[in-house]
Amino acid sequence: MKVSVIPILDVAPIYLGDQQGFFKEEGLKLELVTAQGGAAIVPAVVSGQVDFGFSNFTSLIVAASKGLPLKVVAPGAASTGEQDKDFGGVVVKAGSPIKTAKDLAGKRVAVNTLNNINDTTVRASIRAAGGDAKNVSFTELAFPDMLAALDKGNVDAVQVVEPFLATAKKNGDRVIASNYVDTAPNLAIAGYFTSQQTAAAKADLVKRFSAAMQKSLKYATENPDAVRKVLGTYTKIDPALTESLTLPTYPAEVDAASLETLSKLALQDGLIDKAPDLAGLRP
């Protein structure tokens, strides 16, 4: 069974669940395939190249608005809801004149994929700070490439998640906004999904995968040290940084209010023309 994921802290539970035998207990053998972001994972799932995928909810909302047949089967990760204590944020170099999200107007900001949860929540941060959210230039870069681009001056700011946020802080970079926290309380960030075809044709597979993911999410919540440790098996994190990582929350269910907020933002930012039915994005 193939599952497409992004090599970031958010997906630690699925790696832990595999280690702990939760998928084996359900009669499943995992093959994890990495990708740059949710926007790239959606077509792989819809085309049947992989059985399940991990994606931010904005990419799933955009896909649903285009009529793509998706079904979320398990939650993935959510914000901590605490300013300056979240697992994602907008980072600038130490000497940058950019002090708050308001100052991002007219600047170049890197996100992992365009038209996803990261550029739309950065815009939310800019609005919250009283800035012009329309006057910002987003550049698509993979998370592992962002800090080098920032250091070289190729971009003015980057939106990163762990473990890259801890690396940025170690480098002396400054966090100027907690974009997920600025967007909504305890924002639901991402989930695991499949195609509606797979959900219908392989209902038992979906049920077993969902059950294994729930065990994995619960285990990750109860064992934060294991989350930090497993990260070294699928990212190139400096082991010295593992203790300084800010962990996301791994919820048992998808927050419906978050989906409504993200849908409204996608509409406001022009990512979609019409708000889709969000029923398929709730397990």
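Visitor: Help me understand empty space enclosed by the protein in this model?
Guide: A water-sized probe rolled over the atoms picks out the places where empty space is left. Applying the stated criterion across every chain yields a total of two cavities of 30 Å³ or more. Of the pockets and cavities examined, the largest cavity occupies roughly 100 Å³. Around the largest cavity, the lining is made up of 16 residues, and of these Ile6, Ile8, Asp10, Asn56 and Asn118 lie nearest the centre. Elements represented by at least two residues in the lining of the largest cavity include exactly strand S3 (52-56), helix H5 (117-128) and strand S10 (188-195). The class makeup of the residues in the lining of the largest cavity is nine nonpolar, six polar and one charged.

Visitor: Hey, could you run me through the side chain of Ser96 in this one?
Guide: Residue position: Ser96 is located in the loop between strand S5 (88-92) and strand S6 (108-111). On the basis of relative accessible area, Ser96 is assigned to the buried category, the value being 10%. At 3.0 Å, the side chain of Ser96 forms a polar contact with the backbone nitrogen of Ile98.

Visitor: Would you mind going over the packing of helix H3 (residues 38-46) against helix H4 (residues 57-65) with me for this structure?
Guide: Helix packing for two helices is described by the angle between their axes and how far apart those axes are. Axis separation between H3 and H4 bottoms out at 9 Å; the angle between their running directions is 45°. What the angle tells us is that H3 and H4 run oblique. As for how H3 packs across H4, the hand of that crossing is right-handed. Residues Gly38, Ala39 and Val42 of H3 lie in contact with H4, whose contacting residues are Ser59, Leu60 and Ala63. For the contact of H3 with H4, a count of residues per class yields four nonpolar, two polar and no charged.

Visitor: Would you mind going over the pairing of strand S1 (residues 2-5) with me for this structure?
Guide: Regular strands have side chains that alternate between both faces of the sheet. Strand direction decides the pairing type here: S1 and strand S2 (residues 31-34), joined by four bridges, are parallel. Counted as the bridge partner of Val5 is Thr34 from S2. Where S1 and S3 come together, two bridges link them in parallel fashion. Residue Val3 lies in a different strand from S3, and its bridge partner there is Phe52.

How each quantity is defined
- Residues numbered from 1 in each chain as written.
- Predicted model: local features only at pLDDT ≥ 70, side-chain atom pairs only at ≥ 80, totals over all residues.
- Heavy atoms only, no water.
- 1 Å grid on protein atoms, 1.4 Å probe; cavity = no way out; pocket = protein on both sides within 12 Å on 5 of 7 lines; lining within 4 Å.
- Points joined across faces, edges and corners; volume = space filled by probe spheres on them.
- Helix = DSSP H or I, 4+ residues; strand = E, 2+ residues; numbered from the N terminus.
- Nonpolar A, V, L, I, M, F, W, Y, C, P; charged D, E, K, R; others polar.
- Buried < 20%, exposed > 50% of the residue type's maximum accessible area, 1.4 Å probe, protein only.
- Polar contact = N/O pair within 3.5 Å; in protein donor to acceptor, adjacent residues only side chain to side chain.
- Axes fitted to C-alpha atoms, helices over the stretch in contact; angles between N-to-C directions.
- Parallel < 35°, antiparallel > 145°, perpendicular 65-115°, else oblique.
- Left-handed = near helix turned anticlockwise from the far one by under 90°.
- Contact = heavy atoms within 4.5 Å.
- Pairing = 2+ DSSP bridges.

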